[in-house]
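A look at the structure
Given next are the chains, with one letter for each unit.
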Amino acid sequence: PQEGVRVGISIAADGIIIENCGFQEFDTAIEIEGAGAVIVKNSITGSAGNGILITGQKALLFENTIEGNAGAGIFVARESNEHAIVDNVLRNNGTEGLHILGAGALTVIDNLITGNKSEGVWLSGNARENLLFESLRHPEPADRERVSIICSESEDEILPSIITYGTAGVPH
């Protein structure tokens, strides 16, 4: 991490498992630079930036609750590929629930993404070959108009069943 930035855990090694931890009020809770990290059943709240920042390869994120962060719940940056993001809650974050910037070959399945200030999922910067399935669900009818997947400069497959309520578009 950059000097002066408070990161809960910075993962530079390969094959690290982070399970059943709580991260509260860091600049970024978890930063993944290595390969094969497994992030499971953690609670990440109140980060000044993103909840999880991924720049490494082949991370697995399962059953985490990521909410109330000032940036994106999960931000996947360029040249970062082959991640599985499954059965997480990404809610009430300051920007997107999930932002995929130029990354590829992600599998995003069965996440609850709701109440984020911007898009639920934003695919940008030529994000490519990502599979998103059943990941935008709003339990409250009042939230339905805020569900969105934004694709700008991307080549992603979005299966028809991903959007239970809401729209998909290219406004960026």
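Residues numbered from 1 in each chain as written. Predicted model: local features only at pLDDT ≥ 70, side-chain atom pairs only at ≥ 80, totals over all residues. Heavy atoms only, no water.

Comments concerning the pairing of strand β4 (residues 28–32)
The condition that has to hold: Buried means the residue's accessible area, taken with a 1.4 Å probe over protein chains only, is under 20% of the maximum for its type, while exposed means over 50%, and partly exposed covers the values in between. Strands here mean DSSP runs of E at least two residues long; helices mean DSSP runs of H or I at least four residues long; both are numbered from the N terminus. A pair of strands is considered paired only if DSSP assigns at least 2 bridges between the two.
Here β4 lies mainly inside the structure; 5 of its 5 residues are buried. Across 4 bridges, strand β1 (residues 7–11) lies against β4 in parallel orientation. Bridging across to β4, Ile-11 finds its partner in Ile-32. Relative to strand β7 (residues 52–54), β4 runs parallel, the two being bridged by 3 bridges. Bridged to Ile-30 within β7 is Ile-52.

A closer look at the nonpolar core
Nonpolar side chains tend to gather and get buried jointly when the protein is soluble and globular. Put simply, the test is: Here, the term nonpolar core denotes a set of buried Ala, Val, Leu, Ile, Met, Phe, Trp, Tyr and Cys residues that are joined through side-chain atoms within 4.5 Å. Only heavy atoms enter the contact rule, under which two residues are in contact if any of them lie within 4.5 Å.
Ranked by internal contacts, the top residues of the largest apolar core, which has 29 residues, are Ile-30, Ile-32, Ile-39, Ile-52, Ile-74 and Leu-98. Going through the elements one at a time, β4, β7, β10 (74–76), β13 (98–101) and β16 (121–124) are the ones with two or more residues in this core. Per element, the largest residue contribution to this core is 3 residues, and it comes from β4. Ignoring sequence-local partners within four residues, the contact set of Ile-32 consists of Ile-11, Ala-37, Ile-39, Ile-52, Leu-53, Ile-54, Thr-55, Gly-56 and Ala-59.

A closer look at the pattern of salt bridges
Operational definition: A pairing counts as a salt bridge when a side-chain nitrogen of Lys or Arg comes within 4 Å of a carboxyl oxygen of Asp or Glu.
For the structure on display, the rule yields 3 salt bridges. Residues Glu-63 and Lys-41 are paired through a salt bridge, measuring 3.7 Å at the closest nitrogen-oxygen approach. Placement of the pair is Glu-63 in the loop between β8 (60–62) and β9 (65–67) and Lys-41 in the loop between β5 (38–40) and β6 (43–45), with a sequence separation of 22 residues. For Arg-91, the salt bridge goes to Glu-67, with nearest N and O atoms at 2.7 Å. Placement of Arg-91 in strand β12 (residues 89–91) and of Glu-67 in strand β9 is noted, with a sequence separation of 24 residues between them. Classification of Arg-91 by relative accessible area gives partly exposed; the value is 27%. Accessibility expressed as a relative area gives 22% for Glu-67, which makes it partly exposed.

Structural notes on the pairing of β16
Residue alternation in β16 divides its side chains into two sets, Val-121 and Leu-123 and Trp-122 and Ser-124, and both sets are buried. Of the pairings in the sheet, the one linking β13 to β16 comprises 4 bridges and is parallel in character. When the bridges of β16 are listed, His-99 appears paired with Trp-122.

As for the side chain of Asn-42
Note that Asn-42 resides in the loop between β5 and β6. In contact with Asn-42, not counting residues within four places along its chain, are Ile-18, Glu-19, Asn-20, Cys-21, Phe-23, Glu-63, Asn-64 and Thr-65.

What to know about the environment of Ala-12
Within the fold, Ala-12 resides in the loop between β1 and β2 (17–19). Residues within four places of Ala-12 in sequence aside, it is in contact with Glu-33 and Gly-34.

With respect to the environment of Ile-109
If you trace the backbone, Ile-109 turns up in strand β14 (residues 107–109). For the pair Ile-109 and Phe-133, spaced 24 residues apart in sequence, the C-alpha to C-alpha distance is 4.9 Å.

Overview of the sheet that holds β6
Defined as follows: Every axis in this analysis is a line fitted to C-alpha atoms, fitted for helices over the stretch in contact. Angles between the N-to-C directions lie between 0 and 180 degrees.
Strand order in the open sheet formed by 5 strands is β3-β6-β9-β12-β15, and the pairing between neighbours is parallel. Either end of the sheet is taken by a strand with one partner, and the two such strands are β3 (22–24) and β15 (112–114). Taking the axes of each pair of neighbouring strands and ignoring which way they run, one obtains an average angle of 5° across the sheet.

So, the environment of Glu-119
For the record, the criterion: Nitrogen and oxygen atoms within 3.5 Å of one another constitute a polar contact, given that in protein one can donate a hydrogen and the other can accept it, and given that sequence-neighbouring residues count only through two side-chain atoms.
Along the chain, Glu-119 falls in the loop between β15 and β16. The class for Glu-119 is buried, based on a relative accessible area of 11%. Sequence separation between Glu-119 and Glu-96 is 23 residues; the distance between their C-alpha atoms is 4.9 Å. There is a polar contact of 2.6 Å between the side chain of Glu-119 and the side chain of Ser-118.

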